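Here is how the chains run, residue by residue.
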Amino acid sequence: GAGVSQSPSNKVTEKGKDVELRCDPISGHTALYWYRQSLGQGLEFLIYFQGNSAPDKSGLPSDRFSAERTGGSVSTLTIQRTQQEDSAVYLCASSYGGLGGYEQYFGPGTRLTVT
Amino acid sequence: GQQLNQSPQSMFIQEGEDVSMNCTSSSIFNTWLWYKQDPGEGPVLLIALYKAGELTSNGRLTAQFGITRKDSFLNISASIPSDVGIYFCAGQPTNAGGTSYGKLTFGQGTILTVHP
């Protein structure tokens, strides 16, 4: 079946502009996660959606970052007034979300470059 | 928050050699997962472990869930050039609840380089 997809694959934007990154999770997965990965670094948790529960936003680095998940499926990560330090790969993952459903499946990522 | 210590940070080996990497935690985990990330791609799940002491193989890869539930290792036998990449461990703490349920803690990764 189809895996997690993300778009765009690459995004170059000017400092100060807003960007939107999209994630399409695996069909039937109720949990969706956003991570950020700087060059050669580990995964930095950003936000987690589980079903209809309030999202866990504890990893968002500033109020310029926000995310929503519409209809329990597609998610959009928005970065307002982008800064150069926002340059990174943004990864989306989804999981079954049920008891024991910890296995997260990742998309290919969106590489964001802020000039 | 939870911390996972993954080691080594990087490894440079010759093709054909065996590789071992591990993760340790200060708290008990009820799940351990191992991922591989190729350059320019997202991490791919290699092995999932759910029981203390569990030893699971996937081709040349073998992973174990430590009996203390605070550690896990991944072994790669007879390495080949396509094993190059970053390997991440991840785990679900047993005391996770509420909004933390289902949220994994990731290690910092082991960068593997294989010389032909």
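Residues numbered from 1 in each chain as written. Chains lettered and ligands numbered in written order. Predicted model: local features only at pLDDT ≥ 70, side-chain atom pairs only at ≥ 80, totals over all residues. Heavy atoms only, no water.

A word on the packing of aromatic side chains
Within this structure, the stated rule accounts for 9 aromatic pairs over all chains. Ring centres 6.2 Å apart and planes at 75° place the aromatic pair Tyr35(A) and Phe45(A) in the edge-to-face group. Taken together, the residues Tyr35(A) in strand 4 (residues 31-37) and Phe45(A) in strand 5 (residues 44-50) connect sequence positions 10 residues apart. Accessibility assignment for this pair places Tyr35(A) and Phe45(A) in one class, buried. Between Tyr35(B) and Phe106(B), the ring centres sit 5.8 Å apart and the planes meet at 45°, which makes this aromatic pair tilted. In this pair, Tyr35(B) sits in strand 4 (residues 29-37) while Phe106(B) sits in strand 10 (residues 105-106), placing the two residues 71 residues apart along the sequence. (Phe/Tyr/Trp six-rings, centres within 6.5 Å; stacked < 30°, edge-to-face > 60°. Helix = DSSP H or I, 4+ residues; strand = E, 2+ residues; numbered from the N terminus. Buried < 20%, exposed > 50% of the residue type's maximum accessible area, 1.4 Å probe, protein only.)

Concerning the side chain of Ser25(B)
All names here are of chain B. Mapping Ser25 onto the fold places it in strand 3 (residues 19-25). One polar contact links the side chain of Ser25 to the main-chain carbonyl oxygen of Ser27, over a distance of 2.9 Å. In this structure Ser25 touches Gln3, Leu4, Trp32 and Lys70, once residues within four positions along its chain are discounted. (Polar contact = N/O pair within 3.5 Å; in protein donor to acceptor, adjacent residues only side chain to side chain. Contact = heavy atoms within 4.5 Å.)

Here's the deal with the pattern of salt bridges
Tallying each qualifying case throughout the model produces 7 salt bridges over all chains. Its salt-bridge partner being Glu44(A), residue Arg36(A) comes within 3.0 Å of it at the nearest N-O pair. Residue classification places Glu44(A) among the partly exposed positions, given a relative accessible area of 31%. Asp83(B) is the partner of Arg60(B) in a salt bridge, and the nearest nitrogen-oxygen pair spans 2.8 Å. Residue Arg60(B) is found in the loop between strand 6 (55-58) and strand 7 (61-65), and its partner Asp83(B) is found in the loop between strand 8 (71-76) and strand 9 (85-93); the two are separated by 23 residues along the sequence. (Salt bridge = Lys/Arg side-chain N within 4 Å of Asp/Glu carboxyl O.)

Looking at the interface of chain B and chain A
Counting from both sides, the interface comprises 21 residues of chain B and, opposite them, 22 residues of chain A. Between chain B and chain A, roughly 1,800 Å² of surface is buried when both sides are summed, and carbon and sulfur atoms account for 56% of that area. Between the two partners, chain B and chain A, sit 1 salt bridge. Between Lys103(B) and Asp56(A) there is a salt bridge; the shortest N-O distance is 2.9 Å. Counting only elements with at least two residues in the side of chain B that touches chain A, the list comes to strand 4, strand 5 (44-49) and strand 9 of chain B. Broken down by element, the residue count for the side of chain B that touches chain A peaks at 5 residues, all from strand 4 of chain B. Among the residues forming the side of chain B that touches chain A, the class breakdown is 10 nonpolar, 9 polar and 2 charged. (Buried area = accessible area lost by both parts, 1.4 Å probe. Nonpolar A, V, L, I, M, F, W, Y, C, P; charged D, E, K, R; others polar.)

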